[in-house]
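What follows is the residue order along each chain.
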Amino acid sequence: MKVLKFGGSSVADAERIKQLSDIVIRAHQENGSIAVVVSALKGVTDTLINMGTIASTGSKAYLTELNQVHERHRDVARDLVEGKELDSLLSTIQSFFNELSDTLHGVRLVKELSNRTLDLIMSYGEQLSAIIIATFLKLQLSIVEYLDAREVIVTNRSFGSASIDEEVTYHKICEYFNSGSVLPIITGFIAATPAGETTTLGRGGSDFTAAIVGAALQADAIEIWTDVDGVMTADPRKVPKAFAIPQMSYHELMEMSHFGAEVVYPPTISPAMRRKIPIWIKNSFHPEVKGTQVTQSVDNRKEILVRGISSVDNVSLLRLEGNGMIGVAGVASRLFGALAKNQISVMIITQGSSEHSICFAVL
Ligand code: ADP
Ligand code: ASP
Ligand code: MG
């Protein structure tokens, strides 16, 4: 059993979706049981957020983008599907856009965009891409079916970055897979509260969806298909000479992704690590390239002392210092307690042995 996840650039247009289909069919022939998780078409989530923001000012200016994004999805559908299937797909796309348009109209009238409403607006990106890809793939493999992740992934009400209820979610995923031999095309990024409200797992969260599905099913591998040859030694946009790392450990990937290597969404690693499921980072533009394999431990540590370098922009470094701190118990507790109370996550902490200062970094 394998879970394959395709990011925005791997589903950007009809050509990319055809390439995805080749990869999925090959994986199905080689492994039998697979599940596929897809992101929204490249750039669509940003467009949806932008439309919501414009609507919340009371302006109708979002309508131009709404029409463009509708036309883009219709074009992709027309390039992939024809006949009766196309008619039915176009009418599903139309009904998604009717709902989205009604929601945006509501936001414009009340001039308010809550995180909860924004999650609902963003969810259409993955719903649209998954239905188009599922319809196209079903023409080639009859066991393919569309799966709205809101049916199986249950979260709390932290809209915008919800936490999953692992027990319920894993149970629902297993129940779904035990009900028959299917190859689901699952909407990444989106989930639902027990009351059925739409939530999202944080930007880049489709990787996390794949890890949740993989962990629930105790998959043999989770494959993250993206637009680079694997996890690179540095951000390839900043360091052109960066090259793909063949193997790394979960901990190394955690460090790199937390510190800016956006190739994998950081929460993805933990479900895979707990169940010891290898994560592969692969390039959907060059499927023949081996990619990066991420496992518990890697045996070539001696050869490569530094696995990679990552960087984060816009970090604030703060220092609390004073003679009154020296040897006084409870200073750190008050400082970090105050930060925790205000939901501020701290990236790095250092304290000199003199206890004269505490330095920490926040985003
Ligand atoms: P997807 O849409 O497939 O989820 P992302 O844009 O989220 O893709 O992540 C892939 C991008 O991450 C690459 O195109 C690359 O520019 C960027 N990136 C930043 N740091 C790294 C790194 N160390 N290794 C690989 N890619 C990186
Ligand atoms: N579409 C979502 C985003 O852009 C999720 C993802 O692509 O992983 O953040
Ligand atoms: Mg991503």
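See the structure printed just above.
Note that this is a predicted model, so its numbers are computed, not measured. (Residues numbered from 1 in each chain as written. Chains lettered and ligands numbered in written order. Predicted model: local features only at pLDDT ≥ 70, side-chain atom pairs only at ≥ 80, totals over all residues. Heavy atoms only, no water.)

**A few points about the overall build of the chain**
Worth spelling out the cut-off: The numbering of helices and of strands both runs from the N terminus, where a helix is a DSSP run of H or I of at least 4 residues and a strand a run of E of at least 2. When we talk radius of gyration, it's over C-alpha atoms, and the globule rule is simply 2.2 Å times the number of residues to the 0.38. For each residue, the accessible area found with a 1.4 Å probe, counting protein chains only, is set against the maximum for its type, and the residue is called buried under 20%, exposed over 50%, and partly exposed in between. Residues are treated as being in contact if the distance between any of their heavy atoms lies within 4.5 Å. Accessible surface area values rest on a Shrake-Rupley calculation with a 1.4 Å probe, where residue burial reflects the displayed protein chains alone. Under the counting rule used here, the positive set is Lys and Arg, the negative set is Asp and Glu, and His together with the chain ends is not counted. Note on charges: their place is set at NZ of Lys, CZ of Arg, CG of Asp or CD of Glu.
Within the chain, the regular secondary structure consists of 10 helices and 13 strands. A compact globule built from 363 residues would reach a C-alpha radius of gyration of about 21 Å, and the chain, at 22 Å, matches this within 12%. Judged by the C-alpha coordinates and their principal axes, the chain covers about 75 × 55 × 40 Å. Counting the 363 residues in the chain, one finds 51% classified as buried. In the chain, the share of contacts with a sequence separation of at least 24, taken over all contacts with a separation of at least 6, comes to 71%. Counting only carbon and sulfur atoms, one obtains 51% of the accessible surface of the chain, whose full area is about 17,400 Å². If the 33 positive side-chain charges of the chain are averaged to one point and the 40 negative ones to another, these points end up 4 Å apart.

**Examining the packing of aromatic side chains**
How we decide: In summary, the pairing rule links any two rings of Phe, Tyr or Trp, Trp by its six-membered ring, whose centres are within 6.5 Å, and it sorts them by plane angle into stacked for under 30 degrees, edge-to-face for over 60 and tilted for everything else.
The final tally for this structure, using the stated rule, is 4 aromatic pairs. Between Tyr176 and Phe177 the ring centres are 5.2 Å apart and the planes differ by 85°, which places this aromatic pair in the edge-to-face class. As far as the burial class goes, Tyr176 and Phe177 line up, both buried. Consider the rings of Phe336 and Phe360, whose centres lie 5.9 Å apart with planes at 75°: the pair is edge-to-face.

**Notes on the site of ligand 2**
As a reminder, the rule being used: Proximity is defined per residue: any heavy atom of the residue falling within 4 Å of a molecule or strand makes that residue near it. We define a polar contact as two N or O atoms separated by no more than 3.5 Å, with the added condition that, inside protein, one atom must be a possible hydrogen donor and the other a possible acceptor, whereas residues neighbouring each other in sequence contribute only through side-chain atom pairs.
Taken together, Ser39, Thr45, Glu126, Phe189, Arg203, Gly204, Gly205 and Ser206 are the residues near ligand 2. Note that an oxygen atom of ligand 2 is positioned 3.4 Å from one of the backbone N or O atoms of Gly205. Protein chains shield 86% of the accessible area of ligand 2, which is 260 Å² for the free molecule.

**Comments concerning the side chain of Thr226**
Along the chain, Thr226 turns up in strand S7 (residues 221-226). On the accessibility criterion, Thr226 (13% relative accessible area) is buried. Apart from residues no more than four positions distant in its own chain, Thr226 is found in contact with Ser10, Val263, Ile281, Lys282, Asn283, Ser284 and Phe285.

**With respect to the sheet that holds strand S2 (residues 34-38)**
As a reminder, the rule being used: Criterion used throughout: strands pair if DSSP finds at least two bridges between them. To obtain an axis, a line is fitted to C-alpha atoms, over the contacting stretch when the element is a helix, and the angle between two such axes runs from 0 to 180 degrees between their N-to-C directions.
As summarised here, the arrangement of the 8 strands in space is S3-S4-S2-S1-S7-S9-S10-S8, forming an open sheet in which the pairing is mixed. This sheet does not close on itself; its edge strands, each paired only once, are strand S3 (144-147) and strand S8 (247-249). Across the sheet, the mean angle from the axis of one strand to that of its neighbour is 20°, orientation sign disregarded. Sheet analysis places S8 next to strand S10 (residues 292-295), joined by 3 bridges and oriented parallel. Note on S10: the bridge partner recorded for Met248 is Val294. Helix H8 (residues 250-258) contacts S8, strand S9 (279-283) and S10 of the sheet and is inclined by roughly 85° relative to S8.

**Re the site of ligand 1**
Contacts to ligand 1 come from 18 residues, most closely from Lys5, Thr226, Asp227, Met232 and Arg237. Residue Lys5 places a side-chain N or O atom 3.1 Å away from an oxygen atom belonging to ligand 1. Measuring from an oxygen atom of ligand 1, one finds a side-chain N or O atom of Asp227 at 2.7 Å. Here ligand 1, which alone exposes 570 Å², has 86% of that area covered by the protein.

**Quick notes on helix H2 (residues 44-55)**
Owing to its 3.6 residues per turn, the α-helix brings residues three or four apart onto one side. Quick reminder of the rule: Helix span is expected to be 1.5 Å times the residue number reduced by one. By construction, the arc corresponds to the directions joining the helix axis to the C-beta atoms.
Over its 12 residues, H2 extends 16 Å from the first C-alpha to the last, a length consistent with the 16 Å expected when each residue adds 1.5 Å. Every buried residue of H2 is accounted for by Val44, Thr45, Thr47, Leu48, Met51, Gly52 and Ala55. Buried positions in H2, seen along its axis, are confined to an arc of 160° and lie on one side of it. Looking at the packing, one finds that the buried side of H2 touches helix H3 (62-80), helix H4 (83-110) and helix H5 (115-138).

**Examining unusual backbone geometry**
The phi dihedral of Phe189 falls on the positive side, at around 75°, and the residue is not glycine. Residue position: Phe189 is located in the loop between strand S4 (183-187) and strand S5 (190-192). Relative accessible area serves as the criterion here: at 3%, Phe189 is assigned to the buried category. Its identity is not glycine, yet Glu355 carries a phi of approximately 60°, on the positive side. Counting through the fold element by element, Glu355 comes out in the loop between strand S12 (346-351) and strand S13 (357-362).

**Observations concerning the pattern of salt bridges**
Our working definition: Salt-bridge detection follows one rule: a side-chain nitrogen of Lys or Arg within 4 Å of a carboxyl oxygen of Asp or Glu.
Applying the stated criterion to the full structure yields 15 salt bridges. Because the salt bridges share partners, they merge into one network encompassing Glu71, Arg74, Asp75 and Arg78.

**Let's talk about the sheet that holds S13**
Taken in spatial order, the 3 strands make up an open sheet running S11-S13-S12, and their pairing is antiparallel. Of all strands in the sheet, those with a lone pairing partner are strand S11 (316-321) and S12, marking the two edges. Within the sheet, the average angular offset between the axes of one strand and its neighbour, ignoring direction, is 20°. Examined bridge by bridge, S12 and S13 share 5 bridges and lie antiparallel to one another. Within S13, the position partnered with Ile349 by the bridge is Phe360. Along the sheet face, helix H10 (residues 331-341) touches S11, S12 and S13 and points at about 20° away from the line of S13.

No statement about biological role is implied by the geometric values presented.
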